[in-house]
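What the coordinates show
Letter by letter, the chains look like this.
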Amino acid sequence: MTTKNSPLRVLKAQADQIAATIMAAERGEKIDAHFADKLKEARRLDSFKIGIAMDDKIVTIDIGWDLIRSTGEVALAQYILDQMRETRRVLN
């Protein structure tokens, strides 16, 4: 388990794996059976919730399929990482 203060490489690896799973599901690729049924069910909705259990909290992200289709895997992983670390990006 991790916390928001865990090493960046550990949090990044988790965020990358979550993003890769979501993007694979979006492309219709075969994914881990543990998540496949839930994601197949979620595909019928406009959006779905991702729950990430950490030692110090549970991060819940509500994300739409349209946003997933228009966002790259790297950007999605960065967004998930930011949520896990409780950081905000300021756009100038």
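Summary of the structure given here. In this text the structure is predicted, and so the values were computed from the model without any measurement. (Residues numbered from 1 in each chain as written. Predicted model: local features only at pLDDT ≥ 70, side-chain atom pairs only at ≥ 80, totals over all residues. Heavy atoms only, no water.)

Take the pairing of strand β2 (residues 58-64) next. Residues Val59, Ile61 and Ile63 point to one face of β2 and are all buried, whereas Ile58, Thr60, Asp62 and Gly64, pointing to the other face, are not buried. Sheet topology places strand β1 (residues 47-53) next to β2; seven bridges connect them, and they run antiparallel. Paired with isoleucine 52 across the bridge in β2 is valine 59. (Buried < 20%, exposed > 50% of the residue type's maximum accessible area, 1.4 Å probe, protein only. Helix = DSSP H or I, 4+ residues; strand = E, 2+ residues; numbered from the N terminus. Pairing = 2+ DSSP bridges.)

Our focus in this paragraph is the nonpolar core. Counting 24 residues, the largest nonpolar core has Phe48, Ile52 and Ile80 as its most contacted members. Mapped by element, the contributors of at least two residues to this core are α1 (8-27), α2 (33-42), β1, β2, α3 (65-70) and α4 (73-85). Looking at this core element by element, the count peaks at seven residues for α1. Among all residues touching isoleucine 80, those that are not within four sequence positions of it are Ala15, Ile18, Ala19, Ile22, Ile52 and Ile61. (Core = buried A, V, L, I, M, F, W, Y, C linked by side-chain atoms within 4.5 Å. Contact = heavy atoms within 4.5 Å.)

Attention now moves to the environment of leucine 45. Checked against the element boundaries, leucine 45 lands in the loop between α2 and β1. On the basis of relative accessible area, leucine 45 is assigned to the exposed category, the value being 52%.

Turning our attention to the packing of α1 against α4. Where α1 contacts α4, the two axes come as close as 8 Å, and the packing angle between them is 135 degrees. Overall, the two elements α1 and α4 adopt an arrangement that is oblique. Pair α1 / α4 crosses with right-handed handedness. Contacts between α1 and α4 involve Leu8, Leu11, Lys12, Gln14, Ala15, Asp16, Ile18, Ala19, Ala20, Ile22, Met23 and Arg27 from the first element and Glu73, Leu76, Ala77, Ile80, Leu81, Met84 and Arg85 from the second. Considering only residue class, the contact of α1 with α4 consists of 13 nonpolar, one polar and five charged. (Axes fitted to C-alpha atoms, helices over the stretch in contact; angles between N-to-C directions. Parallel < 35°, antiparallel > 145°, perpendicular 65-115°, else oblique. Left-handed = near helix turned anticlockwise from the far one by under 90°. Nonpolar A, V, L, I, M, F, W, Y, C, P; charged D, E, K, R; others polar.)

Okay, the pattern of salt bridges next. Where charged atoms of side chains with opposite charge meet at close range, the side chains can pair. Inspection of every chain in the model, using the stated rule, returns eight salt bridges. In this structure, glutamate 86 and lysine 57 form a salt bridge, with 3.0 Å as the shortest nitrogen-oxygen distance. Of this pair, glutamate 86 sits in the segment after α4 while lysine 57 is found in the loop between β1 and β2, placing the two residues 29 residues apart along the sequence. Shared partners join several salt bridges into a network, and the residues in it are Glu26, Arg43, Asp66 and Arg69. (Salt bridge = Lys/Arg side-chain N within 4 Å of Asp/Glu carboxyl O.)

Keep in mind these values describe shape, not function.
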